[in-house]
Amino acid sequence: MNWSARVLAPSDLDMGYGSYFEELETGRHFRHWPGRTITEFDDTLFSLMSMNQHPLHIDEHYAAGTQHGRRLVAGPFVISLVIGMSQADIGGRALETLDYSNVRHLGPVFHGDSIYAESTVVMREELPNERGLVIVATRGLNQREETILTLERKIVVPKRPEGETT
Amino acid sequence: MSFGRYYEEFETGAIYKHWPGRTITENDNTWFALLTMNQNPLFIDRHHAGRCPVIDTLVFSLTVGMSVADTSGQTIANLGYESVTFERPLFPGDSLYAESEVLEKRESASKPDRGIVAIETRGFNQDRERIVVLRRSFLAPKRGPE
């Protein structure tokens, strides 16, 4: 059997990562799973790779003299991770992200914290060419269920292709 | 050359051109997507996507990162982003550059040793086409009496 022909057959493409427009009904709520623990390595790597050399993220000795007495996880990492975690339920089929808005860092995140996320569909609207616009509100929380981040984002998702089930 | 600015050093209307920029590679894009648990095949599967654009969260994070040395490098806290708008796609092999404009600065009502600074940061590709524009506010400490 030709393995690649088999895995690329249309019926095998629908593995359920992300949602089609039809599934993202206004008001629908998702608790995303799994979450993940942010390590010191993650944060150092992320900060430097994104050219963010703020010593609060990469210098423990400097951070010891600041408000929290230790390093804080870089905000863009928390935002990127919370968005990433929501993709399995929401944007895993998205064709485009148009914007983020009202992004609020509501609590500090430290190395060793675990981050989880949940989302609600705020509104949706049909677009031409078998696509739709969806606004999603997502909340990031830590292992104590304290909210550490809220944001909204606007994405373009496809409608379910004709003939595709589930 | 200091890293970041004190509150007194921000001037409303000033534009800081950040340097250096950087080229985003396909490797960057794949591992960034996977590190942040974003498995949308648009970013990680060339056969599915045709041409994988750079993932939005990487464009965002890098634009912010490049701005820190000239803006919030002394900050006590980054408060959030009013908006982050993606205007054009960026592709692996493209370079990203950024600049920031100071929109507003005001003294903290409760703490005399700091102020709130609002900036707009814009990311461009090598052809000077605008890719992303974002607005954020952060707390900047005052230099205080020397």
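Source: prediction; values computed, not measured.

1. A look at the overall build of chain B
Then step 1. Check the secondary structure of chain B and you find four helices and six strands.
Then step 2. Along chain B, helices and strands appear, N-terminal first, in the series β-β-α-α-α-α-β-β-β-β.
Then step 3. For chain B, the spread of C-alpha atoms along the principal axes amounts to about 60 × 30 × 25 Å.
Then step 4. Residues classed as buried in chain B amount to 53% of the 146 residues present.
Then step 5. If you take every contact in chain B between residues at least 6 apart in sequence, the share linking residues at least 24 apart comes to 71%.
Then step 6. Surface summary for chain B: the accessible area is close to 6,700 Å², and the carbon and sulfur share equals 50%.
Then step 7. Counting 17 positive and 20 negative side-chain charges, chain B places the averaged centre of each group 2 Å from the other.

2. Things to note about the interface of chain A and chain B
Then step 1. In this complex, chain A contributes 39 residues to the contact, which on the side of chain B involves 39 residues.
Then step 2. For the chain A face of the interface with chain B, the top three residues by lost area are Met-49, Met-51 and Tyr-100 of chain A, together amounting to 23%.
Then step 3. Connecting chain A to chain B are 18 residue pairs in polar contact (both at pLDDT 80 or more).
Then step 4. Going through the elements one at a time, α3 (40–49), α4 (55–58), α6 (75–86) and β3 (96–105) of chain A are the ones with two or more residues in the side of chain A that touches chain B.
Then step 5. For the side of chain A that touches chain B, the element with the highest residue contribution is β3 of chain A, accounting for nine residues.
Then step 6. Judged from the five bridges that link them, β3 of chain A and strand β3 (residues 77–86) of chain B form a sheet pairing that is antiparallel. Note on β3 of chain B: the bridge partner recorded for Arg-104 of chain A is Gly-80 of chain B.

3. A closer look at the side chain of Arg-22 of chain B
Then step 1. Structurally, Arg-22 of chain B can be placed in strand β2 (residues 22–23).
Then step 2. For Arg-22 of chain B, a relative accessible area of 18% gives the class buried.
Then step 3. Among the polar contacts listed, one links the side chain of Arg-22 of chain B to the backbone oxygen of Met-49 of chain A, at a separation of 3.1 Å.
Then step 4. At a separation of 2.8 Å, a polar atom in the side chain of Arg-22 of chain B contacts the side chain of Asp-28 of chain B.

4. Side note on the packing of aromatic side chains
Then step 1. Applying the stated criterion across every chain, the model contains nine aromatic pairs over all chains.
Then step 2. Ring plane angle 45° and centroid distance 5.2 Å describe the contact between Phe-46 of chain A and Phe-32 of chain B, whose orientation is recorded as tilted. Taken together, the positions of Phe-46 of chain A in helix α3 and Phe-32 of chain B in helix α1 (residues 26–35) put the pair across two chains. Like Phe-46 of chain A, the residue Phe-32 of chain B is buried in the burial classification.

5. Description of unusual backbone geometry
Then step 1. Between Trp-33 of chain A and Pro-34 of chain A the backbone carries a cis peptide bond, its omega angle lying at 0°.
Then step 2. Within the secondary structure layout, Pro-34 of chain A lies in the loop between β1 (29–31) and β2 (36–37).
Then step 3. The omega torsion of the bond from Trp-19 of chain B to Pro-20 of chain B falls at 0°, within 30 degrees of zero and hence cis.
Then step 4. Despite not being glycine, Met-51 of chain A has its phi angle at roughly 60°, a positive value.
Then step 5. Even without a glycine there, the phi angle at Met-37 of chain B is positive, about 65°.
Then step 6. On the secondary structure map, Met-37 of chain B appears in the loop between α1 and α2 (41–44).

6. What about the pairing of β3 of chain B?
Then step 1. Pairing of β3 of chain B with strand β6 (residues 130–141) of chain B, which is carried by eight bridges, proceeds in the antiparallel orientation. Its bridge partner lying in β6 of chain B, Thr-85 of chain B is registered against Val-133 of chain B.

7. Section: α3 of chain A
Then step 1. Among all positions in α3 of chain A, only Asp-42, Asp-43, Phe-46, Ser-47 and Met-49 of chain A are buried.
Then step 2. Each element contacted by the buried residues of α3 of chain A is listed here: β2, α4 and α6 of chain A together with β2, α1 and α4 (56–67) of chain B.
Then step 3. Met-51 of chain A sits one or two positions beyond α3 of chain A and adopts a positive phi of about 60°.

8. A word on the packing of α1 of chain B against α4 of chain B
Residues and elements named next belong to chain B.
Then step 1. Where α1 meets α4, the closest approach of the two axes is 9 Å, and the angle between their N-to-C directions is 105°. In this view, α1 runs roughly perpendicular relative to α4, as classed from their interaxial angle. Contact residues: Asp-28, Asn-29 and Phe-32 in α1; Thr-57, Leu-58 and Ser-61 in α4.
Then step 2. When the residues that make up the contact of α1 with α4 are grouped by side-chain class, the tally is two nonpolar, three polar and one charged.

9. A few points about the packing of α3 of chain A against α6 of chain A
Residues and elements named next belong to chain A.
Then step 1. Their axes nearest at 9 Å, the elements α3 and α6 cross at an angle of 105°. What the angle tells us is that α3 and α6 run roughly perpendicular. Here α3 contributes Asp-42, Asp-43 and Phe-46 to the contact with α6, which in turn contributes Pro-76, Phe-77 and Ser-80.
Then step 2. The residue inventory of the contact of α3 with α6, partitioned by class, reads three nonpolar, one polar and two charged.

The rules we used
- Residues numbered from 1 in each chain as written.
- Chains lettered and ligands numbered in written order.
- Predicted model: local features only at pLDDT ≥ 70, side-chain atom pairs only at ≥ 80, totals over all residues.
- Heavy atoms only, no water.
- Helix = DSSP H or I, 4+ residues; strand = E, 2+ residues; numbered from the N terminus.
- Buried < 20%, exposed > 50% of the residue type's maximum accessible area, 1.4 Å probe, protein only.
- Contact = heavy atoms within 4.5 Å.
- Areas by Shrake-Rupley, 256 points an atom, 1.4 Å probe, with all protein chains shown as cover.
- Lys, Arg positive; Asp, Glu negative; His and termini not counted.
- Charge placed at Lys NZ, Arg CZ, Asp CG, Glu CD.
- Buried area = accessible area lost by both parts, 1.4 Å probe.
- Polar contact = N/O pair within 3.5 Å; in protein donor to acceptor, adjacent residues only side chain to side chain.
- Pairing = 2+ DSSP bridges.
- Phe/Tyr/Trp six-rings, centres within 6.5 Å; stacked < 30°, edge-to-face > 60°.
- Axes fitted to C-alpha atoms, helices over the stretch in contact; angles between N-to-C directions.
- Parallel < 35°, antiparallel > 145°, perpendicular 65-115°, else oblique.
- Nonpolar A, V, L, I, M, F, W, Y, C, P; charged D, E, K, R; others polar.

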